[in-house]
Amino acid sequence: TPKLNIHKAHLRLMAGGGGVTISTDWNDLHIYVMAPWVFMSLLELKANLHSLQKEVAPLLIARQFQGVAAAFGSKPDPEAVKQVVQNLSDKAERSDDDEAILYQVNASTLPRKSFSLRICTLGAYLYACRESVTRGLELPEGSTIKAKDNTLISANVAMGEKVTCKSSTIGKGSKLGNKCRLNNVVIMDDVTIGDNCVLQNSILGHGCSVGDNCNLNDCQVGPGAVVPSLTKEKGESFMK
């Protein structure tokens, strides 16, 4: 029998009159620790939701940066949703516009055929891209997968001679020079990389440019940024 571990921090949130309810009347078997407004309000007002794993969790993940009200959508009674937000307003963290009541998803679910992840770090983003290729999820039109190297190459990519790519994603319209080596790298669209570059554990933003003979490890290159030739850096960020 698998061992169930629930972090004490989640249980402490229930202190002061709350409680933990274990329910078995859903059609998937997992453990979820959710705020009272999810079970007492969201699921009550959105009665069409039947699966925590396939419907509720992906919904909360997709709308967590839009606020509590956005999680309800437009169909439930607006006055009921307004009351839920009002009840949370005194103690909830607010967004920059001081209007949306924010919430946070601290877990992820991975169904067999697809998956959703909370991507809040560079490593998590690189992992998500690798998993998308490994699991053969729906990919952009014109893309090809190098299964042996676990690499996705999008449409209209120009590859130089003797280029090696492992566990990487290359966006459409990008150009890679000769003798480049990529390992665990995500390249957005329309990126230009010069000759003899070594890139690993890095993300290159849309439209950026990397000069010849560069060596980047654990780096982030912002959209439109230019990395000069002969640059050798680890753990650095390059912005336009």
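Up top is the structure.
The sections below set out a description of the structure shown in this document. Keep in mind it's a predicted model, so treat the numbers as computed, not measured.

Some points on the nonpolar core
Then, number 1: In terms of nonpolar packing, the biggest core is built from 24 residues, with Ile170, Leu182, Ile187, Ile193, Leu204 and Val221 touching the most fellow members.
Then, number 2: Of the residues forming this core, the biggest block, three residues, is contributed by strand β7 (residues 181-187).
Then, number 3: In contact with Leu204, not counting residues within four places along its chain, are Val185, Val186, Ile187, Met188, Val191, Ile193, Leu199, Val210 and Val221.
Then, number 4: In this structure, Trp37, Leu60, Val81 and Val105 belong to the second largest nonpolar core, which totals 22 residues.

A few points about the sheet that holds strand β10 (residues 209-210)
Then, number 1: As summarised here, the arrangement of the five strands in space is β3-β6-β8-β10-β13, forming an open sheet in which the pairing is parallel. With one partner strand each, in any of the chains shown, β3 (158-159) and β13 (226-227) form the two edges of the open sheet.
Then, number 2: Strand direction decides the pairing type here: β10 and β13, joined by two bridges, are parallel. When the bridges of β13 are listed, Ser209 appears paired with Val226.

Comments concerning unusual backbone geometry
Then, number 1: A positive phi angle, close to 60°, is found at Asn156, a residue other than glycine.
Then, number 2: Within the fold, Asn156 resides in the loop between β2 (151-153) and β3.
Then, number 3: Positive phi, normally seen in glycine, also occurs at Asp190, with a value near 60°.
Then, number 4: As for its position among the elements, Asp190 is in the loop between β7 and β8 (192-193).

What counts, and at which threshold
- Residues numbered from 1 in each chain as written.
- Predicted model: local features only at pLDDT ≥ 70, side-chain atom pairs only at ≥ 80, totals over all residues.
- Heavy atoms only, no water.
- Core = buried A, V, L, I, M, F, W, Y, C linked by side-chain atoms within 4.5 Å.
- Buried < 20%, exposed > 50% of the residue type's maximum accessible area, 1.4 Å probe, protein only.
- Helix = DSSP H or I, 4+ residues; strand = E, 2+ residues; numbered from the N terminus.
- Contact = heavy atoms within 4.5 Å.
- Pairing = 2+ DSSP bridges.

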